[in-house]
Amino acid sequence: MAALLSVQLKSVLRKRGNAKPLGNTNIYAVFTTSQRQYSSKDGGSEYLHRSIVPTMHYQKSLPRLPVPKLEDTIRRYLAAQRPLLNDEQYSNTEKLAKSFQSGVGKELHEELVVQDKKNKHTSYISAPWFDMYLSARDSVVLNYNPFMSFNPDPKPEYNNQLVRATNMVCSAVRFMKTLRAGLLEPEVFHLNPAKSDTDNFKKFIRWVPSSLSWFGAYMVNAYPLDMSQYFRLFNSTRIPKAKRDELFVDQKGRHLLVMRRGNMYVFDAVDRNGNLVKPTEILSHLKYILSDPTPAPAFPLGYLTSENRDVWAGLREKLLANGNAETLALVDSALFCLCLDEDNMRDHIHISHNMLHGDGHNRWYDKSFSIILTKDGQAAINFEHAWGDGVAVLRFQNEVFKDTTEKPLVSPDSQPAAVDSASAVHRLEFKLDAELENGVAKAKENFDAAVSKLTIDAIQFTKGGKEQLKKKKLSPDAIAQLSFQMGFLRQYGQTVATYESCSTAAFKHGRTETIRPASIHTKRCAHAFVHEPGKHSAGQGFDRHLFALRYLAGSKGMALPSLYQDPAYAAINYNILSTSTLTSPAVSLGGFAPVVPDGYGVGYGVHDEWIGCNVSSYPARNVHEFLQCVQKSLEDIFTVLEGKPIS
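Just so it is clear, the structure is predicted and the values come from calculations on it, not from any experiment.

1. A word on the overall build of the chain
Next up, step 1: A count of helices and strands for the chain gives 23 helices and 18 strands.
Next up, step 2: C-alpha atoms of the chain, sized along the principal axes, occupy 75 × 60 × 55 Å.
Next up, step 3: Surface accessibility of the chain: about 25800 Å² in total, with carbon and sulfur atoms responsible for 51%.
Next up, step 4: When the 76 positive and 67 negative side-chain charges of the chain are each reduced to one mean point, those points stand 7 Å apart.

2. Overview of the domain arrangement of the chain
Next up, step 1: For the chain, the assigned domains read domain 1 (70-133 + 454-642), domain 2 (143-181 + 231-452) and domain 3 (188-224).
Next up, step 2: For domain 1 versus domain 2, the separation of C-alpha centres amounts to 33 Å.
Next up, step 3: Counting residues at the interface gives 25 residues for domain 1, matched by 31 residues for domain 2.
Next up, step 4: Buried area between domain 1 and domain 2, both sides added, is near 2300 Å², and the carbon and sulfur share of it is 56%.
Next up, step 5: Counting across the domain 1 and domain 2 interface gives two salt bridges.
Next up, step 6: Notably, a salt bridge pairs Arg511 with Asp389, separated by 2.9 Å at the nearest N-O pair.
Next up, step 7: Taken together, the links from domain 1 to domain 2 amount to 14 residue pairs in polar contact (both at pLDDT 80 or more).
Next up, step 8: Counting residues per element, the ones that place at least two in the side of domain 1 that touches domain 2 are helix H6 (126-135), strand E12 (455-461) and strand E16 (587-591).
Next up, step 9: The greatest single-element share of the side of domain 1 that touches domain 2, amounting to five residues, is contributed by E16.
Next up, step 10: Class assignment of the residues belonging to the side of domain 1 that touches domain 2 gives a composition of 14 nonpolar, eight polar and three charged.

3. Observations concerning the pairing of strand E8 (residues 337-340)
Next up, step 1: Both faces of E8 are covered, namely the face carrying Cys337 and Cys339 and the face carrying Leu338 and Leu340.
Next up, step 2: With four bridges connecting them, strand E6 (residues 255-260) and E8 associate as parallel partners. Counted as the bridge partner of Leu257 is Cys337 from E8.
Next up, step 3: Where E8 meets strand E9 (residues 369-373), four bridges bridge the pair, whose relative direction is parallel. Opposite Leu338, over in E9, you have Ile371 as the bridge partner.
Next up, step 4: Handedness of the crossover joining E8 and E9 through helix H13 (residues 348-356) is recorded here as right-handed.

4. Considering helix H4 (residues 87-102)
Next up, step 1: Between its first and last C-alpha, H4 extends 23 Å over 16 residues, near the 22 Å set by a 1.5 Å rise per residue.
Next up, step 2: For H4, the set of buried residues is Tyr90, Thr93, Leu96, Ala97 and Phe100. Looking straight down H4, one finds its buried side chains confined to an arc of 130°; they lie on one side. Facing away from the buried side of H4 by more than 90 degrees, the exposed set consists of Asp87, Glu88, Lys95 and Ser102.
Next up, step 3: Packing partners of the buried residues in H4 comprise helix H3 (70-81), helix H5 (104-118), helix H20 (543-555), helix H21 (562-565) and helix H22 (567-572).

5. Considerations on the packing of aromatic side chains
Next up, step 1: This model, assessed by the stated rule, comprises 25 aromatic pairs.
Next up, step 2: Arranged with centres 5.1 Å apart and planes meeting at 15°, the rings of Trp214 and Tyr218 form a pair that is stacked. Taken as a pair, Trp214 and Tyr218 lie in helix H10 (residues 213-218) at a separation of four residues, close to a single helical turn.
Next up, step 3: Accessibility expressed as a relative area gives 7% for Trp214, which makes it buried.
Next up, step 4: Ring centres 5.7 Å apart and planes at 80° place the aromatic pair Phe234 and Phe396 in the edge-to-face group. Here Phe234 is found in the loop between strand E3 (222-224) and strand E4 (236-239), whereas its partner Phe396 is found in helix H14 (residues 390-406), with 162 residues between them in sequence. Neither residue differs from the other here; Phe234 and Phe396 are each classed as buried.
Next up, step 5: Each member of the aromatic cluster is reached from another via a ring pair, and the members are Tyr77, Phe100, Phe542, Tyr564 and Tyr569.
Next up, step 6: Taking the ring centre of Phe130 as reference, the NZ or CZ of Arg511 above it sits at 4.9 Å.
Next up, step 7: Directly above the aromatic system of Tyr492 lies the positively charged group of Arg621, at a separation of 4.4 Å from the ring centroid.

6. As for the nonpolar core
Soluble globular proteins: nonpolar side chains tend toward being buried together.
Next up, step 1: Counting 54 residues, the largest nonpolar core has Leu286, Leu338 and Phe396 as the members making the most contacts within it.
Next up, step 2: Here the element with the most residues in this core is helix H7 (residues 161-180); it accounts for eleven residues.

7. Remarks on the UniProt feature "active site" (unreviewed entry) in the chain
Next up, step 1: Under the UniProt annotation, the feature "active site" (unreviewed entry) is placed at His385.
Next up, step 2: Residue placement: His385 occurs in the loop between strand E10 (379-383) and H14.
Next up, step 3: With near-sequence residues (within four places) excluded, His385 lies in contact with Tyr133, Tyr144, Asn145, Pro146 and Arg511.

8. Overview of the sheet that holds strand E17 (residues 600-606)
Next up, step 1: Ordered by their spatial adjacency, six strands build an open sheet running E12-E18-E17-E15-E13-E14, and the pairing between neighbours is mixed. Either end of the sheet is taken by a strand with one partner, and the two such strands are E12 and strand E14 (512-515). Here the strands of the sheet are splayed against their neighbours by 25° on average, with no regard to which way each runs.
Next up, step 2: Sheet topology places strand E15 (residues 577-581) next to E17; five bridges connect them, and they run parallel. The residue bridging Thr581 from the neighbouring strand is Tyr604, located in E17.
Next up, step 3: Taken strand by strand, H13 contacts E12 and strand E18 (611-617), and its axis lies near 130° from that of E12.

9. Overview of the packing of helix H12 (residues 309-333) against helix H16 (residues 434-452)
Next up, step 1: Put simply, H12 and H16 touch, their axes get as near as 10 Å, and they point 145° apart. The hand of the H12/H16 crossing is left-handed. Across the interface between the two elements, Leu315, Lys318, Leu319 and Asn322 from H12 touch Glu435, Leu436 and Gly439 from H16.
Next up, step 2: Of the residues that constitute the contact of H12 with H16, the class distribution is three nonpolar, two polar and two charged.

10. A few points about the pattern of salt bridges
Next up, step 1: Evaluated as defined, the whole model comprises 36 salt bridges.
Next up, step 2: In this structure, the salt-bridge partner of Arg137 is Asp310, at a minimum N-O distance of 2.7 Å. Of this pair, Arg137 sits in the loop between H6 and strand E1 (147-150) while Asp310 sits in helix H12, and the two are 173 residues apart along the sequence.
Next up, step 3: The class for Arg137 is buried, based on a relative accessible area of 16%.
Next up, step 4: Given a relative accessible area of 35%, Asp310 falls into the partly exposed group.
Next up, step 5: The salt bridge involving Arg316 is made with Asp332; its shortest N-O contact spans 2.7 Å. Accessibility assignment for this pair places Arg316 and Asp332 in one class, buried.

11. Brief notes about the environment of Leu225
Next up, step 1: As for its position among the elements, Leu225 is in the loop between E3 and E4.
Next up, step 2: Spatially, the C-alpha atoms of Leu225 and Arg238 are 24 Å apart, while their sequence positions differ by 13 residues.

Criteria and thresholds
- Residues numbered from 1 in each chain as written.
- Predicted model: local features only at pLDDT ≥ 70, side-chain atom pairs only at ≥ 80, totals over all residues.
- Heavy atoms only, no water.
- Helix = DSSP H or I, 4+ residues; strand = E, 2+ residues; numbered from the N terminus.
- Areas by Shrake-Rupley, 256 points an atom, 1.4 Å probe, with all protein chains shown as cover.
- Lys, Arg positive; Asp, Glu negative; His and termini not counted.
- Charge placed at Lys NZ, Arg CZ, Asp CG, Glu CD.
- Domains from an automatic or database assignment.
- Contact = heavy atoms within 4.5 Å.
- Buried area = accessible area lost by both parts, 1.4 Å probe.
- Salt bridge = Lys/Arg side-chain N within 4 Å of Asp/Glu carboxyl O.
- Polar contact = N/O pair within 3.5 Å; in protein donor to acceptor, adjacent residues only side chain to side chain.
- Nonpolar A, V, L, I, M, F, W, Y, C, P; charged D, E, K, R; others polar.
- Buried < 20%, exposed > 50% of the residue type's maximum accessible area, 1.4 Å probe, protein only.
- Pairing = 2+ DSSP bridges.
- Right-handed = clockwise from strand over helix to strand, strands pointing away.
- Expected span 1.5 Å × (residues − 1).
- Arc of directions from axis to C-beta.
- Phe/Tyr/Trp six-rings, centres within 6.5 Å; stacked < 30°, edge-to-face > 60°.
- Lys NZ or Arg CZ within 6 Å of the ring centre and 35° of its normal.
- Core = buried A, V, L, I, M, F, W, Y, C linked by side-chain atoms within 4.5 Å.
- UniProt positions renumbered as here; feature names shortened; annotations may be inferred.
- Axes fitted to C-alpha atoms, helices over the stretch in contact; angles between N-to-C directions.
- Left-handed = near helix turned anticlockwise from the far one by under 90°.

Below you can see the structure in the form of structure tokens.
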């Protein structure tokens, strides 16, 4: 039994382990890169490092994201539909897809290709993707903003809230200065770091013109990644507007936004000359904020950023009309948001809830990112998703963790500078009328109702991980995805639409693409494991292309093509299993809410010796039972790989 199931596993999964470097199904690997050799020169107190190669050196020559052939997209779409539909449903969907391919779809595709050729500075998906995010009217909380928590500092005394907050602010500012000076090491996915991640190669490639530099990296199996999103990391906020929000950036801002007890404070973290304020002064300012006796405001404005976007847009206009324009401008232009929470964390589940949504009053969810620090020094990043994807945020997180743990600028013994923090720190005050107070109260009510429905649970499977799977020539990610398919089949007896996010950052202005882990092959394999264990002797996707064609049809005022009216199209985009992975020495765990009311939000990481899953659900699903089924599935898979019978 074990032998044939093992053979079946390998035939289903080996393909994904051998994906081409630029195939979209393999680009997700950028999230798991963790080792980086920096230039030997130290950056000094102002910079993290001084890269030999300019930060944006590769940007000009990045390959363009190809528009897939329409016939390939339709073929992939039908392959993804096959495990989800019965014969009659599939026959209908196939007929609609073929009609689309030869009719209106062909016309739209040809126009998309023409548009793409006229806009060589970007990708065909970039504008529609920004529009999709910014036009969404749902709250960004749970629906869009994810979190990634930091591992603790290996030196326990440095996990003190004040010390860690100070070091993270200093490292974040150093990252910003390094980036803006063009000294940040370019983001590169190294498949052969012994050749490409070396001083000798960097000294060579820096002299290759930017218009050709990508090809030089490609010759040594290195793939530079798009860094066009990075400029929106700092001084950046999503501004609510009726029907469609806007992204705001003001690089002149030198101040930090700090939140504690729902109160909002600002102070300069960069001086008039563009230098990092002395770390002991930042220590003094944060100590002042942490000891401020001001009680929590009766109507904490942070709740408004969790509202429906049109509601929040209307309330923001009232805030502006009420004389709060200058104060809001300070919030919007701040370097980033630092949230100092008053609670100690009980466990990983408590951390996940706190970092994903918190209690709403001590957050400004519209900032490009917020660093959250609890009373016991647990830290995480919660980020707004419209401006960018996980690649940029994870790079920032890796750098901040590395810098704060290896070169902290303050220690537990550091004394705050003798400065007048009471003058340097400004607590923001807002003028609210009865209508605005009612708006905050209603936002709190909606927020509390939404987060009260969310359940999070986690497992650590410790009987095997990446090392064991690679020895068997199996893709670790594919095994994790198979366990989710098996887990859902075991729990509910069906195969459902499944979404795995992967990055297309290897292309100019690439965003993400969808991997569809539910295939006819995984369905058969999962069925064999779950229902018939005794019977057996043991890149490019289609989603973004179809999305772009639908967007184009809408922009032309066309009637919605019949393909998009097919219930099967709606069903495959109703992602009951939404999954995303990352592993990094900086990250403890990450998470997000389900994308549909009866779905699961599955954050996972396949580590060398173990596999971790952090899963969320609403009341329609039982997340605890699902994770028990995933645990059982992983046990069965590893049992088969050892050549043993399944119990």
